[in-house]
Amino acid sequence: MAAEEENTSRTFLPFDIIECILLKLPSKSLLRFKTVSKSWRSTISDPNFAKIHPQFPNPPNLFLLKRSIDQGFYLVKLHGKEVREEAVLESPNGWNNALCCCNGVLLLTSTYWVHWWSREYFLWNPSTRMKTDFSFPPDFGYSGSINLGILATADDFKVVITCKEKYAVFSCKSNSWTEKLGFPYHGSVPGISVDGAVYWVLRDEKNTKQVVCFDSETDELRTLPKPDRISDDCLFQLACLKGGLCFYCKIGDGTAVRIWIKEEGVFENCWKELITVEDLEDIPIRSIEPLCFVENKIVLRLEFTRFVCYDPCDKTFEEFEDTHLFGIELFPFMDTLFFPVMKTSNKRKRSYLSGFW
Amino acid sequence: MAAETGTPTTLTLKSNDDELFSVAESAAILSVTIRNMVEDGCAGGVIPLDNVDGKTLASVITYMNGISAIPADEEKKKSYRDKFLSDKDFETLADMVLAANYLNMSCLMDAVSAKIAQVMEKKSVGWVRRKFGIENDYTPEEEAAVKEEHKWTFEGVETDDDN
């Protein structure tokens, strides 16, 4: 019956329009629609298609929240007034110690601590369930505090690890590690990946807190200037907001927090004032984390367990509860087909990644 | 043009099944294709739109009038687009995306393709093949193998509503 109707007058859509539509679908549907035909499969499997897929609007304000130890994640959505559980995501081996994330891909390991080099790691995309094992160089000489970052550039995916006075960079494209000398910072914090770079808040030789940036173009580190009139002793934090890097610190008497956002691709005079949250409780800046915007309101997490939604127009707060109080860290979730080593089969992928060192 | 004469200019558009429609030039030039014709001075008489049928053109003109009546407020425009597309079935949406593409109306093109994606998100592979007129060129063995690769994506698929 349906076939008869279709044969009468229907004109079907040309493939370039179909491609526009496919780019707007979530990963799960796209992976299912590889079964439609060979040409759909080859389009959806094309790494260039995967690269532009995440640029389209994602379901906003979704985060991964740890379940109990090595039991995978909850996918939660932050609304203006609640944290709603959308799904339970099973991770490889149930691991949920996410060390860093970039473009929807997480570097994952077990919660139980063993040495860096003897530990197992996965790069994992929760929206496609793609995973590949990863390992760190055994003879890197791990000492002092360690920082990690993963980042995606136009044509490569890199993992960077820093250690006392040196750092190493793994490039998926060249399939190798490069060790570099010179890491004049100390401290250990999660790296924030934004537009092809990783940022950390670390202390320099003079013990001043700095915004340290790993620039993937050059594989070099640099210190980013802070916003104007921010003193050396200012305690500040970094976060990812609106898809960009943001810098935030207390101003005035300690009850206001100002947030700046970094202009993409610029390293000098790069901070633009975004929002000031006033009349906040006087709690340490490290206990405050801006998470996302819901319309024009900003959602902040306070002391890990409480969420407030701040309206900058009438300067009011609405407080709501985290229903999964044990979940300390929230990782932004991005629905994307993107994955660093997409085209190799499972078997080859394993030897590809573990044979490099 | 409107600015020269002081009165709003009206254009006449002709569909491929010879229906005629009057539309304010200010609304019609949301279509880059029509705007180019106006700028080239081809809009004196009737503008023939050979790739759009009357039913679809009527709908596109409703949209042109509706959206151009809304002042520059992206939120309001978005909610108008959502409401405009909410009750359209797949075939109507497919006609509209073709028309939006031909008329070079990027905002409508974006909205309609997003709506089509939303409609097909939870549909079966069979539904997609029928609606898009795509022939299954896999052998049964190949198809089973591709399906096996991403078995979990077949969970939660809606029952087909087209037969």
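Residues numbered from 1 in each chain as written. Chains lettered and ligands numbered in written order. Predicted model: local features only at pLDDT ≥ 70, side-chain atom pairs only at ≥ 80, totals over all residues. Heavy atoms only, no water.

Taking an unreviewed UniProt entry as the reference, chain B is identified by name as SKP1-like protein belonging to Erythranthe guttata. Database annotation for chain B, UniProt heading Sequence similarities (unreviewed entry): "Belongs to the SKP1 family." Under the Pathway (unreviewed entry) heading, UniProt states for chain B: "Protein modification; protein ubiquitination." (UniProt positions renumbered as here; feature names shortened; annotations may be inferred.)

Named according to an unreviewed UniProt entry, chain A is F-box domain-containing protein originating from Erythranthe guttata.

## Digging into the UniProt feature "domain: SKP1 component dimerisation" (unreviewed entry) in chain B
With numbering matched to this structure, UniProt assigns "domain: SKP1 component dimerisation" (unreviewed entry) to residues 108–152 of chain B. Spanning residues 108–152 of chain B, this segment combines 69% helix with 0% strand, and its end C-alpha atoms are found 33 Å apart. (Helix = DSSP H or I, 4+ residues; strand = E, 2+ residues; numbered from the N terminus.)

## What about the sheet that holds strand 18 (residues 256–262) of chain A?
Residues and elements named next belong to chain A. Pairing is antiparallel in the open sheet, where four strands are placed in the order 16-17-18-19. Of all the strands in the sheet, just strand 16 (236–241) and strand 19 (271–277) have a single pairing partner and so form its edges. Looking at each pair of strands side by side, their axes are set apart by 30° on average, direction ignored. Here strand 18 pairs with strand 19 via six bridges, running antiparallel. The residue of strand 19 that forms the bridge with isoleucine 261 is lysine 272. (Pairing = 2+ DSSP bridges. Axes fitted to C-alpha atoms, helices over the stretch in contact; angles between N-to-C directions.)

## Notes on the environment of A:Ile150
Residues and elements named next belong to chain A. Within the secondary structure layout, isoleucine 150 lies in strand 8 (residues 147–152). As a C-alpha pair, isoleucine 150 and leucine 99 span 51 residues in sequence and 9.3 Å in three-dimensional space. Leaving out residues up to four positions away in the same chain, isoleucine 150 has contacts with Cys100, Cys101, Cys102, Val105, Leu106, Leu107, Leu123, Phe157, Lys158, Val159, Ser193 and Val198. (Contact = heavy atoms within 4.5 Å.)

## Brief notes about the domain arrangement of chain B
Residues and elements named next belong to chain B. Along its sequence, chain B is carved into domain 1 (2–120) and domain 2 (125–154). Relative to domain 2, the C-alpha centre of domain 1 lies at a distance of 35 Å. Tallying the contact residues gives five residues for domain 1 and four residues for domain 2. When domain 1 packs against domain 2, the two sides together hide about 390 Å² of surface, and 81% of this comes from carbon and sulfur. On the domain 1 side of the interface with domain 2, the three residues burying the most area are Phe90, Glu91 and Met120, jointly 89% of the side's total. Connecting domain 1 to domain 2 are one salt bridge. One can count one residue pair in polar contact (both at pLDDT 80 or more) joining domain 1 with domain 2. A class-by-class count of the residues in the side of domain 1 that touches domain 2 yields four nonpolar, no polar and one charged. (Domains from an automatic or database assignment. Buried area = accessible area lost by both parts, 1.4 Å probe. Salt bridge = Lys/Arg side-chain N within 4 Å of Asp/Glu carboxyl O. Polar contact = N/O pair within 3.5 Å; in protein donor to acceptor, adjacent residues only side chain to side chain. Nonpolar A, V, L, I, M, F, W, Y, C, P; charged D, E, K, R; others polar.)

## Digging into the packing of helix 2 (residues 15–22) of chain A against helix 4 (residues 38–45) of chain A
Residues and elements named next belong to chain A. Relative to each other, helix 2 and helix 4 sit at 50°, their axes nearing to 12 Å. Here helix 2 lies oblique to helix 4, going by the angle between them. Crossing angle aside, the handedness with which helix 2 passes helix 4 is right-handed. Along the contact surface, helix 2 presents Phe15, Ile18, Glu19 and Leu22, while helix 4 presents Ser39, Trp40, Thr43 and Ile44. In terms of residue class, the contact of helix 2 with helix 4 is made up of five nonpolar, two polar and one charged. (Parallel < 35°, antiparallel > 145°, perpendicular 65-115°, else oblique. Left-handed = near helix turned anticlockwise from the far one by under 90°.)

## Digging into the pattern of salt bridges
Under the definition given, this model contains 26 salt bridges over all chains. Two residues, A:Arg306 and A:Glu281, come together in a salt bridge whose shortest N-O distance is 3.1 Å. Residue A:Arg306 is located in strand 22 (residues 306–311), and its partner A:Glu281 is located in the loop between strand 19 and strand 20 (288–294); the two are separated by 25 residues in the primary sequence. The exposure class of A:Glu281 is partly exposed, given its relative accessible area of 37%. Between B:Lys14 and B:Asp18 there is a salt bridge, and its shortest N-O distance comes to 3.9 Å. Given the relative accessible area of 55%, B:Asp18 is considered exposed. Ionic contacts of the salt-bridge type, sharing partners, join the residues A:Glu281, A:Glu303, A:Arg306 and A:Glu319 into one network. (Buried < 20%, exposed > 50% of the residue type's maximum accessible area, 1.4 Å probe, protein only.)

## Considerations on the nonpolar core
In terms of nonpolar packing, the biggest core is built from 58 residues, with A:Trp40, B:Ile34, B:Met120 and B:Phe132 touching the most fellow members. The element that contributes the greatest number of residues to this core is helix 6 (residues 90–103) of chain B, accounting for eight residues. Not counting chain neighbours up to four residues away, the residues in contact with A:Trp40 comprise A:Phe15, A:Ile18, A:Leu22, A:Phe33, B:Met120, B:Val128, B:Phe132 and B:Ile134. Counting 25 residues, the second-largest nonpolar core is a separate cluster that includes A:Tyr121, A:Phe136, A:Ala168 and A:Phe338. (Core = buried A, V, L, I, M, F, W, Y, C linked by side-chain atoms within 4.5 Å.)

## Points about the sheet that holds strand 2 (residues 73–78) of chain A
In any sheet, the strands associate via hydrogen bonds between backbone groups, in a parallel or an antiparallel arrangement. All names here are of chain A. Taking strand neighbours across the sheet as the criterion, the four strands line up as 3-2-1-24 in an open arrangement whose pairing is antiparallel. Two strands lie at the open edges of the sheet, namely strand 3 (83–89) and strand 24 (330–332), each paired on one side alone. Put simply, the sheet's adjacent strands are angled 35° from each other on average, direction ignored. Relative to strand 24, strand 1 (residues 62–66) runs antiparallel, the two being bridged by three bridges. Each bridged residue has a counterpart across the sheet, and for phenylalanine 63 the counterpart in strand 24 is proline 332.

## Remarks on the pairing of strand 3 of chain A
Residues and elements named next belong to chain A. Bridge analysis of strand 2 against strand 3 gives six bridges, and the strand direction is antiparallel. Within the sheet, the bridge partner assigned to tyrosine 74 lies in strand 3 and is valine 88. Linking two consecutive strands that pair antiparallel, namely strand 2 and strand 3, is a turn of four residues.

## Re the interface of chain A and chain B
A common way to express how large an interface is: the accessible area buried when the components associate. Counting from both sides, the interface comprises 31 residues of chain A and, opposite them, 41 residues of chain B. For the pair chain A and chain B, the summed buried area comes to about 3,300 Å², and 66% of that belongs to carbon and sulfur atoms. Counting across the interface, chain A meets chain B through three salt bridges. A:Arg41 serves as the salt-bridge partner of B:Glu149, at 2.9 Å between the closest nitrogen and oxygen. Taken together, chain A and chain B are joined by 12 residue pairs in polar contact (both at pLDDT 80 or more). Where the side of chain A that touches chain B is concerned, the elements lending two or more residues are helix 1 (2–9), helix 2, helix 3 (27–32) and helix 4 of chain A. When residues in the side of chain A that touches chain B are grouped by element, the largest group, five residues, is from helix 2 of chain A.

## Thoughts on the confidence of the model for chain A
Residue and element names in this part refer to chain A. Put simply, chain A has an average pLDDT of 85, and 88% of its residues get 70 or more. Highest mean pLDDT in chain A belongs to helix 3 (96); lowest belongs to helix 6 (residues 346–354) (40). Note that residues 1–8 has pLDDT below 50 and, in this model, four contacts with residues that lie over four places away or in other chains. Counting interchain partners and residues more than four positions distant, the pLDDT-below-50 stretch residues 342–357 has 27 contacts. (pLDDT = per-residue confidence, 0-100.)

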